[in-house]
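Report on the structure
What follows is each chain in one-letter form.
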Amino acid sequence: MRATYDAIVIGTGQAGPSLAKRLAKAGMKVAIAERGRFGGTCVNTGCTPTKTLIASAYAAHLARRADEYGVALGLGAAGVTVDMKRVKARKDAVVDDSSRGVERSLRSQENCTVFQGHARFRSPREVSVGDARLIAERIFVDVGGRPAIPEMSGLGEVDYLTSSSMMEIDVLPRHLVIVGGSYVGLEFAQMYRRFGSQVTIVEQKPRLIPSEDEDVSAAIGDILEREGIEVRLDARCIRAARRAEGVAVGIDCARGAPEIHGSHLLLAVGRRPNTDDLGLPEAGVAQDPRGYIVVDDELRTSVPGIWALGDCNGRGAFTHTAYDDYEIVAANLLDGASRRVSDRIPAYALFIDPPLGRVGMTEAEARRPGRRALLGRRPMSKVSRAIEKGETLGFMKILVDADTRQILGAAVLGTGGDEAVHCVLDVMAAKAPYTVLRRAVHIHPTVAELIPTILGELLPLAAAGD
Ligand SMILES: Cc1cc2nc3c(=O)[nH]c(=O)nc-3n(C[C@H](O)[C@H](O)[C@H](O)COP(=O)(O)OP(=O)(O)OC[C@H]3O[C@@H](n4cnc5c(N)ncnc54)[C@H](O)[C@@H]3O)c2cc1C
């Protein structure tokens, strides 16, 4: 079957469906292809399931702490136990509902035809999906990524899990060993510790989430270790071997035993784009050495008429950045706008408890020679809302350019940090001076209430960092 469309969209992740519907509503005849589950990574194996599981883990954690709040649960000798089958069923219900919603909205969209199967370029204007040959003047690639599997000695001999296959687990691992101490690994680490597993994180760098500031890494390490998670840093020559009781992970660290014996191994060492089986050479679309599709500031690839959106272009690694890619492409194509990726302020969260909300520069980045930066910092133990909630771990810090008075960045590690950081983000997006936020009257008692206060206590960066 050969059919001509005005636009083809490949992938139903966080950019594709919205774009397909917007183009169809604008009167274009649109085809959209999906080879897996509708909704892509975020809905099926990423944001939605992890945050649903994290909510179960939080419930278990709070139940264990109930006594601190003067609440008696009347539990028997077993204390708090977690029914992993019910935890998974709850997660599955949320995920299925969301995935079905994406599929339903696409199938019911006028002018939009859904193809299920693997899409592959045959030429710059032609894509195959199974027996179908689809032709269009405009093709939008939103194929996302998948977990990267590292070159690790012994990996071929052992069973291992990834962030995707973790979604099928409905039993409690006795001892989960996680290779990779960054965002994905840390969320799983705390989640499974709270479910009741023994958890060890193995990280080859000298600190957790090394892209963050050292004080952030240290505070996160402290939060996790307080819950009984073992953190093994500076791990060299990480290797795996099969054992009767599960898996042995060999590490040569400066401190601690050279081998960890676990029941389950999770690899959380980053992601790679789904571009290796897309036929990009047939279309002439340029990729970088890591396989990401090269795009310009408006997400156009090296081939006119082909755009790349979401994780596969290497310009973002989040649901909100993929969705913003859709908005950029749609606005430029349909509304005559000239929106650009480089206008986007980097922002994200790490959803451990308490969460880390991040926006803009780190302190290390702000310390550029020649820049006069100011820093405000406050521990969560001095935030009344955190004290009232009994959740005082973490801190907030905000960086300001002393000359322009623009906010450079912020880290809010603490209860509600993923929400509170948005007031900083919005002032940055408005390109307003920090004094606007300094004078805003925030609601008491909230975590965000302290942000104007911190901005009133700024010190020159060098002095503040000492
Ligand atoms: C464990 C985990 C937790 C995460 N948590 C968060 C979070 O809390 N917040 C956040 O912002 N981000 C989070 N992310 C990242 C987020 O999931 C991704 O950034 C987001 O899903 C990217 O969307 P996308 O549209 O680029 O790609 P995807 O969502 O990956 O979608 C791509 C789609 O394309 C399909 N596809 C691929 N190749 C083809 C082909 N050849 N033919 C047809 N279809 C194809 C795939 O099946 C998939 O459905 C998390 C990721 C993981 C792994």
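Residues numbered from 1 in each chain as written. Predicted model: local features only at pLDDT ≥ 70, side-chain atom pairs only at ≥ 80, totals over all residues. Heavy atoms only, no water.

Some remarks on the overall build of the chain
Of regular secondary structure, the chain possesses 14 helices and 22 strands. The C-alpha radius of gyration computed for the chain amounts to 24 Å, which stays within 12% of the reference 23 Å derived for 466 residues, consistent with globular compactness. Overall size of the chain, expressed as C-alpha extent along the three principal axes, is 65 × 65 × 45 Å. Looking at the chain residue by residue over its 466 residues, the buried ones come to 52%. By sequence separation, contacts in the chain at least 24 residues apart represent 64% of the contacts at least 6 residues apart. (Helix = DSSP H or I, 4+ residues; strand = E, 2+ residues; numbered from the N terminus. Rg over C-alpha atoms; globule rule 2.2 N^0.38 Å. Buried < 20%, exposed > 50% of the residue type's maximum accessible area, 1.4 Å probe, protein only. Contact = heavy atoms within 4.5 Å.)

Let's talk about the pattern of salt bridges
Pairs may arise between side chains of opposite charge once their charged atoms sit close together. Using the criterion set out here, one finds 41 salt bridges in the structure. The partner of Lys88 in a salt bridge is Glu168, and the shortest N-O contact between them spans 4.0 Å. Here Glu168 lies in the loop between β7 (145–147) and β8 (175–179) and Lys88 lies in helix α4 (residues 84–107), a separation of 80 residues in the sequence. Two residues, Arg367 and Glu363, come together in a salt bridge whose shortest N-O distance is 2.6 Å. Look at Glu363 and you get buried, because its relative accessible area is 9%. (Salt bridge = Lys/Arg side-chain N within 4 Å of Asp/Glu carboxyl O.)

Re the site of the ligand
The ligand sits among 38 residues. The nearest are Gln14, Glu34, Thr41, Asp142 and Asp311. In the model, an oxygen atom of the ligand is placed 3.4 Å from a nitrogen or oxygen of the His320 side chain. In isolation the ligand has 1000 Å² of accessible area, and contact with the protein removes 93% of it. For the shell around the ligand, the secondary-structure elements that each account for two or more residues are β2 (30–34), α2 (40–44), α3 (47–64) and α8 (319–334). Looking at the shell around the ligand, its residues break down into twelve nonpolar, 19 polar and seven charged. (Near = heavy atom within 4 Å. Polar contact = N/O pair within 3.5 Å; in protein donor to acceptor, adjacent residues only side chain to side chain. Areas by Shrake-Rupley, 256 points an atom, 1.4 Å probe, with all protein chains shown as cover. Nonpolar A, V, L, I, M, F, W, Y, C, P; charged D, E, K, R; others polar.)

Remarks on α4
For α4, spanning 24 residues, the distance from its first C-alpha to its last is 34 Å, which sits close to the expected 34 Å at 1.5 Å a residue. When α4 is considered as a whole, its buried residues turn out to be Met84, Val87, Lys88, Lys91, Val95, Ser99, Val102 and Leu106. Residue Asp83 occupies the N-cap position of α4, its side-chain oxygen lying 3.1 Å from the main-chain nitrogen of Lys85. (Expected span 1.5 Å × (residues − 1).)

Regarding the state of the cysteines
Counted by the stated rule, this structure contains one disulfide. No disulfide involves Cys112; its sulfur sits 18 Å from that of Cys312, the nearest cysteine. (Disulfide = S-S within 2.5 Å.)

Overview of the nonpolar core
The biggest cluster of nonpolar side chains holds 51 residues, and the ones touching the most others in it are Ile10, Phe121 and Phe140. Those residues within four positions of Phe140 in sequence are excluded, and the remaining contacts are Ala7, Ile8, Val9, Ile10, Leu19, Leu23, Trp307, Leu309, Val329 and Leu333. By size, the runner-up hydrophobic cluster in this structure holds 36 residues, among which are Leu176, Ile209, Leu224 and Ile352. (Core = buried A, V, L, I, M, F, W, Y, C linked by side-chain atoms within 4.5 Å.)

Section: unusual backbone geometry
Residues Asp353 and Pro354 are joined by a peptide bond in cis, for which omega reads 0 degrees. Relative to the helices and strands, Pro354 is located in the loop between β17 (347–350) and β18 (356–360). Here the amide bond leading from His444 into Pro445 is cis, since omega sits at -10 degrees, within 30 degrees of zero. Its identity as a non-glycine residue notwithstanding, Asn111 has a phi of 70 degrees, on the positive side. Following the sequence through the fold, Asn111 ends up in the loop between α4 and β3 (112–116). For Asn111, a relative accessible area of 35% translates into the label partly exposed.

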